[in-house]
Structures are given as structure tokens and as C-alpha cells.
Amino acid sequence: MTTTLRPAGPEERAADGGRSRAFDIRVNGRRAGSLRLVTDDGHAGRIEDLVVAGADRRRGRATVAVLAAEEALRAWGCREATAAVPADAGAALALARVLGYTERNRNLVKPVTGPPPPAPPGGAFRDLTDAEYPAWLTAERTAYARNWTDRGLDPAAARARADRGYATLLPDGPATRGAVLRVLAHEGADVGTVWVTVAPGPMRHGEDAYVCSVEVAADHRGRGHGRTLMREAERVCHAAGGGLLGLNVFAGNTPALRLYASLGYRPVQIHLYKPLG
């Protein structure tokens, strides 16, 4: 039997140059599933909404569909294929890894059921000031772009992603509605920062608030300040009436993964990528 990928509708173009198209997975002309291809910047293309009908599962249909999707993305000029897979979709994750996809980052969530304990003795939080903001933003953007380039993204695409992200999430700097930027001081020294966004409505995974960034100064790490900063994020979420806090963590950041696991976070989505050559 022959499995093929066929367009299920016209290609759609966005004003910013993005493009997308729906495809059917067909077996000898019979529809056996579907997927959608999307690209925002021309560098990476996403494989979305991959579905194979029940009777056609475990017969290699998804494998052929993904490989065909990669060829379609190459024809669009994409140099990378990406996919977001639910953390509990074991079969899909196994297939992605067999086909050469690597985890780049994952989304985690944690229920916030009450106010967390206060900061340990000697620790206190204050808001990031307008005067501190430019240096903080420069360091944040540089680190964020580096996290992407370290995990296979083209440097220009990583910088563009950082520019879009910060322009969207912090258009008015510290005065941005819903943005909370805090500095942790311990025994008189600034030791770390945390940035939390409180949403007016639930986010993609039902989060009420999101930890956009948490950073401990290099010479103050290993002393529990990361945990204190994360507790402050919970406090912000709870104070805003939220019950679910989310965050992103990049693959390979073992200390952060261990911290989040110890605090009760669970993965909900795994983001994967594959160079297309």
C-alpha cells in the first residue's frame, strides 16, 4: 500500500510572510489522517495537528507522513522542522526520536493552591527599577538568544525570535500590564531576578501566570536562591487569583529541571527539532 501526503486546501499566506497549508495523509487514495505545515520566519517549519485514523495506526503511516512533510518544508526553503508533542504521548515521542528529532525545550505547569512560604531570613524582594531595566533587558535578550543558538537555531533567527518575544511581552518595559519583575536581595546583595507575566485569561495550557525568566547571579548560585525566586513567582500567581503557574525550560538545563521537579512542576508539552540539511 502506498502512503502519500496531498494538499487538502490552498496555501495560506500571512501579512508578515508566514505560510501554512493543510494536508491529507492518504493510503492508495483513501484518507487516513491529516496534518498542517506552518512557517513564520522561513527558517523553521512546524508540523502541527498530526492525526492518523485509528485503523491506520501502527502501520507506518505517521512515519511516511512526517518524512513527506519534511520534504515539503525543504521545498519552502526551511532549514529545520519542529514539532510540539504532549508530554504523555509516548508513541509520538518515540517516533520523533527514531526519525532524528531532538528535544529543545519543554513546558511545565504547577497548581498553586495557596500562598507559598515567605522568603528565608535575610532575603527580601523589591521591584526592578526603571534605571535597572535596560541592563537587565540586554542581558535577558542575549541569554535567551544564546539558549536557542546552543540548541541548533540559526543566530539571526534566534535574535529575531528574541526581538519578537520581548517586544510582545514587554512593550512598555516594567510598566507593561501584567508584567511583574522582581529582584531578590539577600543580606544586602542583589542575588537574582524573576519575571512573571499574569494573563487576563488562561494561556495555552490553562496557566493563569507564566514564569518568563528566573536568574540567579553566577557567584550566588547553589545557595537556594532559585527556589526562593520560584516561590515568589507562586506568590505573584496566587495574589492575582491564579491557580496554575507555567514555565519553559531548555533541554540540558539539569539543575533547573531538578529544581522544578522538586517544587511539583510536571511536563505538559515537549518541543522537538530536526535540521533539514
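Residues numbered from 1 in each chain as written. Predicted model: local features only at pLDDT ≥ 70, side-chain atom pairs only at ≥ 80, totals over all residues. Heavy atoms only, no water.

Quick look at the overall build of the protein chain
Note the threshold: Secondary structure elements follow DSSP: runs of H or I no shorter than four residues count as helices, runs of E no shorter than two count as strands, and numbering proceeds from the N terminus. Exposure categories follow from relative accessible area, calculated using a 1.4 Å probe and restricted to protein chains: below 20% of the type maximum is buried, above 50% is exposed, and the middle band is partly exposed. Residue contacts are defined here by distance: any two heavy atoms, one from each residue, within 4.5 Å place the two residues in contact. Values of accessible area rely on a 1.4 Å probe in the Shrake-Rupley scheme; residue burial ignores everything except the protein chains shown. The charge count includes Lys and Arg as positive and Asp and Glu as negative, but it does not include His or the ends of the chains. By convention, the point assigned to a charge is CZ for Arg, NZ for Lys, CD for Glu and CG for Asp.
Across its full length, the protein chain carries six helices and 13 strands. Evaluated residue by residue, the protein chain yields a buried proportion of 43% over its 277 residues. Within the protein chain, contacts between residues separated by at least 24 positions form 63% of all contacts whose residues are at least 6 apart in sequence. For the protein chain, the exposed surface amounts to about 14000 Å²; the carbon and sulfur share of it is 53%. Separation between the mean location of the 37 positive side-chain charges and that of the 30 negative ones in the protein chain comes to 8 Å.

Structural notes on the packing of helix 3 (residues 133–149) against helix 4 (residues 155–169)
The line we're drawing: Structural elements are reduced to axes, namely lines fitted to C-alpha atoms, with helices fitted over the stretch in contact, and the angle between N-to-C directions of any two is expressed from 0 to 180 degrees. The scheme is simple: roughly parallel for angles under 35 degrees, roughly antiparallel for over 145, roughly perpendicular for 65 to 115, oblique for anything else. Helix crossings fall into two classes, left-handed where the near helix is turned counterclockwise from the far one by less than a right angle and right-handed where it is turned clockwise. Only Asp, Glu, Lys and Arg are considered charged in this grouping, and only Ala, Val, Leu, Ile, Met, Phe, Trp, Tyr, Cys and Pro are considered nonpolar; every other residue, Gly among them, is considered polar.
In contact at an axis separation of 9 Å, helix 3 and helix 4 are set at 135 degrees when each is read in the N-to-C sense. As judged from the angle between their axes, helix 3 and helix 4 are oblique. Taken as a pair, helix 3 and helix 4 cross one another with a handedness that is right-handed. Contact with helix 3, carried on its side by Leu137, Glu140, Arg141, Tyr144, Ala145, Trp148 and Thr149, involves Pro155, Ala158, Arg159, Arg161, Ala162, Asp163 and Tyr166 of helix 4 and no other residues of that element. For the contact of helix 3 with helix 4, the residue count by class is eight nonpolar, one polar and five charged.

Side note on the nonpolar core
Convention followed: In these notes, a set of buried Ala, Val, Leu, Ile, Met, Phe, Trp, Tyr and Cys residues joined through side-chain atoms within 4.5 Å is what counts as a nonpolar core.
Grouped together as the largest cluster of nonpolar side chains are 25 residues, with contacts concentrated most on Leu5, Leu35, Leu37, Ile47, Leu73, Tyr101 and Leu272. Elements represented by at least two residues in this core include exactly strand 3 (19–27), strand 4 (30–39), strand 5 (44–52), helix 1 (61–75), strand 6 (80–86), helix 2 (90–98) and strand 13 (266–275). Ranked by residues supplied to this core, first place goes to helix 1 with six residues. When neighbours within four sequence positions are excluded, Leu5 is seen to be in contact with Phe23, Asp24, Ile25, Leu35, Ala65, Ala68 and Ala69. If you look at the next biggest cluster of nonpolar residues, it comprises 23 residues, including Val112, Val194, Cys237 and Ala256.

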